Structures are given as C-alpha cells and as structure tokens.
Amino acid sequence: AYPLYRRWYDLTDGAPEFPAPPTDEPTPRMDESAPEEPVEPPLVEPVAAATGRRMLPLRLIVIALLALLVMVAAYVIMNSSSGGDDDDEGDAPVVVAASQTMTESAAIVTVEATAEIETAIASDPTTSADNPTVTDALPTATVATATPTETVIPTDTPTETPSPTVTASPTPTPTLPPQGLQGWQDLLALSRRLDDPAWDSELFSPVAGSSNWRLGVGSTGDGTAGEQAEIMLDFDMLDLYYGNNAPSRILRTEATLSLTTYDPSLLDNRDVYFGLMLQSADDPTRRVGIYIEVISLNILNLWIVDGDESTPRRQVTVTSVNPRLRIERDSANGRITLFYNDSQLGEPIPFVGVDDPIEPALFIRDSGVIVTVVSWRLGLR
C-alpha cells in the first residue's frame, strides 16, 4: 500500500498547477500567423502558499488511509472472533500476525507523513518571529479540590419552658339585673355554690344524692346542756349573689325541717330543739324567730324568740316532727309575723326599720340533735 501511495504522490506533485485551455481539435497545434502576445513572467508564489494548498489534500489522504486500515483491522478481528469456536487453534497466530503487520504499516505511514509535515513547516519562510504560528492551545484546567471543612453543629440546649401557674378563681356569679334578684330565692342552692362557707361542714352539709341538707351533730358528749349552734347567711354573701343591697330587701324567709334523730336523754332537760329566725345585720342582739321544743315525737312546744327572751306560745300534737316555719316582714312598718304550718303565732312583733338589712339563720342544739333541712328559701322585694 505504501509504494502505491508514493507513486500517486509523485504523479500529483509533478502535475501542472493550471490545466490546459479547452480546444475542439483532438491534437493541439501552434498558429504561427497569430501575433504573439506579450508573455508576462509567471508570478512566483511563496512556497508556503503552494505548500499550504498541497498540504490540505495530503492530510485528508493520510486520515482516509488510516481510517481504511483501522476498518480492515477491525474486520479481520471480528471475523477472527466469530469463527474462533470452529477454527483450529493453529490459525490464531496467523490472524494476530496479519493484524500486527497492518498495524506496523499504518504506524510507518503515520510516521513518514508526520515527518514530511514537520519538514514543510520548518522550511516555510513565513513562519518566523514576525509571523508566529498560532497554536490553538487549550488552557490547562485547574481542578479545585474542595477541602471539607468541619462544621460545628451546636448542641441543642434545653430551654426551660415556664409551667402554667394555676390561679384559683372565685366561683363565677351570674350577671345580675340592676334591681337585683327578686321573689323567692333558694338558700340551699346558694349554700352549694359557696367554695368556703363560714360554718363547719360537720354541723351543716348536703345529703348525698338529695337536695336536702343535714343540720346538727349526733354526739352529746357528757350529756349536759350544750350551746346553740347557728347557720347564718350574712350580708356580704346575700348582696353578692342577689344584688342591689339584698339584705335590705328581705320580706320573708321559710324553712321546712324534719327531726331525724336525737339523744333521748336530752328530753329530760328539754334540750331537744331547733328553729328559724331573722337577725339585724347591724345589731346581732336584735333577733326574732320561732323556737321548736320537742317534748316527744307527738308533742311540740312552740316558742317565740324576741331578742334575748323566749316566750311559749302554743303546744301542738303531731304525728311526725316536720314543721314548716315562716317569718314575714311587713313592707310598710317592718313588723314581724310568725307562722307555724301557715298558722300565725301571736301578734306582729316590732323589729328594725323597713329598709334596714337583716340576715336569715337556722339554729339547733350544738350536739345530740339532727334534723333534715328539706327546704330553705328567702323572699326579696
């Protein structure tokens, strides 16, 4: 292949640079009669330009030959690989040798072509210090190596979350009208709403599973006469829950009491008693009410309380001890009228002024007697 290439190269190199002019005659001839035209001396082109025009086809030819050789080598190798299972092992060296010979030939052609190209470039007079050869040089890529930096992650610092503070709030009261509540008001229901009542829960407490309340203490101690215990709803409490100066607007109070148990030994000393009363908020010594003395389970003595004095008014026979007691206040003059089971006891009793504040109260012997308060209510004007 290389001698063929050299022959083609010599023919190409010796061919004229410009082709002959076209003519109709098969054999060209010279017309001597025609005037001779002045012949200008041919322009001498620089070697570099001519060489440059011839170097372009030469490079393409070299590349084409190299590609052809590579294709032939690839074809031989592929045939050798596909037929390796059927051929004898002795054929493998022949394929390798052929491939090696073709590779060496391609290498020789490449070397000689490269040498001629270098010789042409070296002999080019235009390549000098004034006309430097421009070389497309790719810049060297600088790979920046990322150095890992240790990042310090802050450790979560526990922060103290303030705990909610439980603040005790007073029992909410309903919004009251400007004139306050009027008519009958349930004092037992009011007693259930109190968070911190003024009385001892052993003396006065609600009955489980019922609207009733228990009043009194069963133990009698040494059996001697005890003191009088009282359950009173004072001025501030009534005004807070009923509004508009409620103690000054009290017209009546009523209670239904039922004897639950008592110490029989107290009957001899006539110490089994209980009752209902009204007391001045300004002067506790001024009080009026009904005092029930139990003689037996069938006989009761009814007394009127006026200040520090108690006056017997009536003895009644009963089948059970569960009296309904009521105290009325006259809205015109402030006098007090007492009622036992809707029956009036005595005459009206002078008391405080019509607009003076008063307070309702239950009373009982402080030990040995227990009654059930079935109802207790207050009438307001």
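For the structure, see preceding data.
In this text, all values refer to a predicted model and were calculated from it rather than measured experimentally.

Calculation rules
Residues numbered from 1 in each chain as written. Predicted model: local features only at pLDDT ≥ 70, side-chain atom pairs only at ≥ 80, totals over all residues. Heavy atoms only, no water. Helix = DSSP H or I, 4+ residues; strand = E, 2+ residues; numbered from the N terminus. Buried < 20%, exposed > 50% of the residue type's maximum accessible area, 1.4 Å probe, protein only. Contact = heavy atoms within 4.5 Å. Areas by Shrake-Rupley, 256 points an atom, 1.4 Å probe, with all protein chains shown as cover. Pairing = 2+ DSSP bridges. Axes fitted to C-alpha atoms, helices over the stretch in contact; angles between N-to-C directions. Salt bridge = Lys/Arg side-chain N within 4 Å of Asp/Glu carboxyl O. Polar contact = N/O pair within 3.5 Å; in protein donor to acceptor, adjacent residues only side chain to side chain. Core = buried A, V, L, I, M, F, W, Y, C linked by side-chain atoms within 4.5 Å.

Draft legend 1. Broad picture of the overall build of the chain. If you tally the helices and strands in the chain, you get 5 helices and 14 strands. For the chain, with 381 residues in total, the buried portion stands at 31%. In the chain, the proportion of contacts linking residues at least 24 apart, taken out of those at least 6 apart, comes to 66%. When the accessible area of the chain is evaluated, it comes to approximately 25,200 Å², of which 56% is carbon and sulfur surface.

Draft legend 2. Expanded view of the sheet that holds strand S7 (residues 287-294). Strand order in the open sheet formed by 6 strands is S4-S13-S6-S7-S8-S9, with antiparallel pairing between adjacent strands. Both outer strands of the open sheet, strand S4 (228-232) and strand S9 (309-317), are each paired with one neighbouring strand and no more. The sheet shows a mean angle of 20° between the axes of neighbouring strands, taken without regard to direction. Where strand S6 (residues 273-280) and strand S13 (residues 358-365) come together, 7 bridges link them in antiparallel fashion. Residue Gln 279 lies in a different strand from S13, and its bridge partner there is Glu 359.

Draft legend 3. Local environment of the pattern of salt bridges. Counted under the stated rule, the structure contains 9 salt bridges. In this structure, Arg 377 engages Glu 254 in a salt bridge whose closest nitrogen and oxygen atoms are separated by 3.0 Å. In this pair, Arg 377 sits in strand S14 (residues 369-380) while Glu 254 sits in strand S5 (residues 250-262), placing the two residues 123 residues apart along the sequence. Given the relative accessible area of 8%, Glu 254 is considered buried. One salt bridge in this structure joins Asp 342 and Arg 324, with 2.4 Å as the shortest N-O distance.

Draft legend 4. Expanded view of the side chain of Thr 372. By the element assignment, Thr 372 lies in strand S14. There is a polar contact of 2.7 Å between the side chain of Thr 372 and the side chain of Thr 260. Not counting chain neighbours up to four residues away, the residues in contact with Thr 372 comprise Asn 212, Trp 213, Thr 256, Leu 257, Ser 258 and Thr 260.

Draft legend 5. Region of the structure containing the nonpolar core. Judged by nonpolar contacts, the single largest core of 55 residues is most densely connected at Tyr 242, Phe 274, Leu 338, Tyr 340, Val 373 and Trp 376. For this core, the element with the most residues is S14, which contributes 6 residues. Once you skip the residues sitting within four places of it in the chain, Leu 338 turns out to touch Val 288, Gly 289, Ile 290, Ile 304, Arg 326, Ile 327, Ser 343, Gln 344, Leu 345 and Ile 349. Counting 8 residues, the second-largest nonpolar core is a separate cluster that includes Met 277, Trp 303, Val 305 and Phe 363.

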